[in-house]
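Below, each chain spelled out in residue letters.
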Amino acid sequence: QEDVFKKIVSHCKEYGFVFPSSEIYDGLGAVYDYGQLGVELKNNIKKYWWDSMTLLHENVVGIDSAIFMHPTIWKASGHVDAFNDPLIDNKDSKKRYRADVLIEEYLARIDEKIDKEVEKAARRFGESFDETMFRQTNPRVLENQKRRDEVHARFAKALNDGNLEELRQIIVDCEIACPISGTRNWTEVRQFNLMFATEMGSTADGAMKVYLRPETAQGIFVNFLNVQKTGRMKIPFGIAQIGKAFRNEIVARQFIFRMREFEQMEMQFFVAPGTELQWFEYWKQERLKWHKALGFGDENYQYHDHDKLAHYANAATDIEFRMPFGFKEVEGIHSRTDFDLSQHEKYSGKKMQYFDPELNTSYVPYVVETSIGVDRMFLSVISSAYCEEQLEGGETRVVLKIPAALAPVKLAVLPLVKKDGLPEKATEIMNALKFSFACQYDEKDSIGRRYRRQDAIGTPYCVTIDHQTLADNTVTVRDRDTMEQKRVTIDEIEKEISLKTDI
Ligand code: ATP
């Protein structure tokens, strides 16, 4: 799995999807740039989300709020005081870690040990193996399970109590070693705020400290009444936004999974108090449907319901996707009560109430939010799409089976040879089609190599212009996944491809 992940990362670089930021200066930690194909894929993901929110739900509208916001917003939202991760340094290696992540990784290693034990026994006993019985009786499994449960209980309590000393003690007691040097010499655990700060303006009184927003949601909350009034929106209604967010992540690994500058697609749905859990269920189902419609396989998704809720939430779940490194959160769905709007009411002194004509009363609405990372979505698309296929004759091909609607290039236009008027005919076809969808013209190298290149960037269709085209105005259309080819007339191409690639 590790190997596949490495291959995906280098494929992204080699074909112009994702580059490390500032690469000629040896990069910048956990910051990435999207290349010529990456930006197209990312735009298509955003469009797929935006259209499903704003076109398919007539009571959801969009906004685009600024990254800079009044600093008191982050005080009101709780980010200044509580948007922290527990940080620990290893004194010998001088490496920095998130204390909670170190412990989670330790727990995952115990799980792995247990699974290996089970797998070994399953191989040994074959058909007659009873896994449940084995897990309940095998002494090594039981011992590991007991250890895991003990550490997990301590960990959950420490997190709940915000007990930093206990987090450190767990790391010491479990003899968790620094993964690089193997040493166990740790500092205290301290809280580290994830917001980036900068200064705005420079007046005689001094500059104002402002933050780069760590989420897009607050831009929606503070515009709630602007949109409601000018759009004459009636509850229940939603506001959607796509935009950059910034977090000074301590452990920034796994490529674009955890970045310091990333993009979010968030939607806050404003509802009448008392109806929020119903709407939470609705959006939970609705969002999973959106993911599954991409066809990556229903078995690759799971909900992770939160047992431990933030003080302002009364329900929360994550949609997790099977990444090459295990099931991971891609999207969060949270019932946030009236916490944010009430806080803004308190800090700004402005009313954040809605007059409900049906109930004939005013109230601060409750909010259900759906929040998904564009970059994590990008990673799930690329990693599910990446395939190495063994072809007849011993050749392998690398193909990105990106859903046609999201593919950066929809159609490659390829003259079979670079002579006999075929390039001219191909250019004519390309010029007619380029207004309808993203096309790429390619005449360099053998047709086989050109097909491979298109496979590697995930182009769902290739049309090839050959000598027969000049005689009867037909071309071959090759399907990326089946590699089958069929002949269609030039007039049919546009309808045929549009039908299959429209978002
Ligand atoms: P995690 O637990 O993985 O740090 P989170 O629970 O803090 O994520 P939220 O604050 O709920 O995440 O943000 C909503 C979504 O934004 C996440 O589901 C994820 O897709 C995306 N996201 C959050 N942090 C990052 C990041 N550092 N890099 C890329 N995407 C991110």
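Residues numbered from 1 in each chain as written. Predicted model: local features only at pLDDT ≥ 70, side-chain atom pairs only at ≥ 80, totals over all residues.

Concerning the pairing of strand S13 (residues 326-335)
Quick reminder of the rule: DSSP-based pairing: two strands are paired if at least 2 bridges between them are found. Only DSSP runs of H or I with at least four residues qualify as helices, and only runs of E with at least two residues qualify as strands; both kinds are numbered from the N terminus onward.
Pairing geometry for strand S12 (residues 315-323) and S13, over 9 bridges, is antiparallel. Note that in S13 the partner of Ala315 across the bridge is Ser335. Linking two consecutive strands that pair antiparallel, namely S12 and S13, is a turn of 2 residues. As paired elements, S13 and strand S16 (residues 366-373) share 5 bridges and run antiparallel to each other. Residue pairing in the sheet places Gly332 in a bridge with Ser371 of S16.

Concerning the UniProt feature "binding site: substrate" (unreviewed entry) in the chain
Rules: UniProt positions are given in the numbering used here, feature names are shortened, and annotations may be inferred rather than shown by experiment. Partly exposed residues are those whose C-beta has more than 12 but fewer than 20 other C-beta atoms within 10 Å; 20 or more makes a residue buried and 12 or fewer makes it exposed, with C-beta atoms placed from the backbone. Any two residues are considered in contact once their C-beta atoms, placed from the backbone, lie within 7 Å.
UniProt annotation of "binding site: substrate" (unreviewed entry) refers to Arg98, Glu215, Phe262, Glu263, Gln264, Met265, Glu266, Glu369, Thr370, Ser371, Ile372 and Gly373 when read in the numbering used here. Look at the named residues: they lie 276 residues apart in sequence, and the longest C-alpha span between them is 26.7 Å, so in the fold they stay spread out. Assignment of secondary structure puts Thr370 in strand S16. The exposure class assigned to Thr370 is buried, which follows from the 24 C-beta atoms found within 10 Å. Residues contacting Thr370, with those up to four places away along its chain left out, are Met267, Trp283, Arg287, Glu331 and Ile333. Position of Gly373 relative to the elements: it lies in strand S16. Note on Gly373: 23 C-beta atoms within 10 Å, which makes it buried. Residues within four places of Gly373 in sequence aside, it is in contact with Phe262, Gln264 and Val330.

Some remarks on the site of the ligand
Here is the rule: To decide whether a residue is near a molecule or strand, its C-beta atom is placed from the backbone and checked for lying within 6 Å of it. Residue type decides the class: Asp, Glu, Lys and Arg count as charged, Ala, Val, Leu, Ile, Met, Phe, Trp, Tyr, Cys and Pro as nonpolar, and the leftover types, Gly among them, as polar.
Taken together, 15 residues lie around the ligand, and Phe262, Gly332, Ser371, Gly373 and Arg376 are the ones closest in. Elements supplying a minimum of two residues to the shell around the ligand: strand S10 (261-271), S13, S16 and helix H13 (374-385). Among the elements that line the shell around the ligand, the one with the most residues is S13, at 4 residues. When the residues that make up the shell around the ligand are grouped by side-chain class, the tally is 4 nonpolar, 4 polar and 7 charged.

Points about the environment of Lys351
Within the fold, Lys351 resides in the loop between helix H12 (339-348) and strand S14 (354-356). By C-beta crowding, Lys351 is classed as exposed, having 11 other C-beta atoms within 10 Å. Remark: the alpha-carbon pair of Lys351 and Ile447, spanning 96 residues in sequence, is separated by 66 Å.

Some points on unusual backbone geometry
For the bond from Ile235 to Pro236, the omega torsion is 5°, close enough to zero to count as cis. Non-glycine residue Ser22 carries a positive phi angle of around 50°. Mapped onto the fold, Ser22 is located in the loop between strand S1 (18-20) and strand S2 (32-34). Residue Ser22 is classed as exposed on the basis of its 11 C-beta neighbours within 10 Å. You will see that Asp26, though not glycine, has its phi angle at about 70°, which is positive.

A short note on the sheet that holds strand S21 (residues 461-465)
Counted only if it meets this: Axis definition: a line fit to C-alpha positions, over the contact stretch in the case of helices; interaxial angles, taken between N-to-C directions, run 0 to 180 degrees.
With mixed pairing, 5 strands are arranged side by side in an open sheet as S20-S19-S21-S22-S23. Both outer strands of the open sheet, strand S20 (439-441) and strand S23 (485-489), are each paired with one neighbouring strand and no more. Averaged over all adjacent pairs, the angle separating strand axes in this sheet is 25°, with direction ignored. The pairing of strand S19 (residues 411-415) with S21 spans 5 bridges and is classified as parallel. Bridge pairing in S21 places Leu414 opposite Thr464. Packed onto the sheet, helix H14 (residues 422-433) meets S19, S20 and S21 and runs at close to 160° relative to S19.

A closer look at the nonpolar core
Let me state the cut-off plainly: Each nonpolar core consists of buried Ala, Val, Leu, Ile, Met, Phe, Trp, Tyr and Cys residues. Their C-beta atoms, within 7 Å, join them into a set. For every domain, the bounds stem from an assignment made automatically or drawn from a database.
Counting residues in each nonpolar core, the largest one holds 88 residues, and the members touching the most others are Ile45, Phe378, Leu411, Val413 and Val463. Counting contributing residues per domain, this core is built from domain 1 (1-68 + 199-401) and domain 3 (409-501), each supplying no fewer than three. For Val463, the residues in contact, after removing those within four places along its chain, are Leu411, Val413, Leu414, Val475, Thr476, Val477 and Ile493. Judged by nonpolar contacts, the second largest core, of 11 residues, contains Ala99, Ile103, Phe155 and Leu167.

A look at the sheet that holds strand S5 (residues 96-98)
Sheet architecture is open: 3 strands sit in the order S5-S4-S6, paired in antiparallel fashion. Looking at which strands have only one partner, the edges of the open sheet turn out to be S5 and strand S6 (190-193). Between one strand axis and the next, the sheet turns by 50° as a mean value, whatever way the strands run. Bridge analysis of strand S4 (residues 84-89) against S6 gives 4 bridges, and the strand direction is antiparallel. Paired with Leu87 across the two strands is Arg190, which belongs to S6. Of the strands in this sheet, S4 and S5 touch helix H5 (residues 99-125), which is tilted by about 70° from S5.

Re the packing of helix H2 (residues 38-54) against H13
What counts is decided by this rule: Geometric relationships in this document are graded by angle, where less than 35 degrees denotes roughly parallel, more than 145 denotes roughly antiparallel, 65 to 115 denotes roughly perpendicular, and other angles denote oblique. Crossing handedness: left-handed means the near helix sits turned counterclockwise from the far one by under a right angle, and right-handed means the same turn made clockwise.
Close contact between H2 and H13 brings their axes to 10 Å; oriented N to C, the two are set at 110°. On the basis of the axis angle, H2 is roughly perpendicular to H13. As H2 packs across H13, the resulting crossing turns out to be right-handed. Across the interface between the two elements, Leu41, Lys42, Ile45 and Lys46 of H2 pack against Val374, Met377, Phe378 and Val381 of H13. Residue classes in the contact of H2 with H13 are distributed as 6 nonpolar, no polar and 2 charged.

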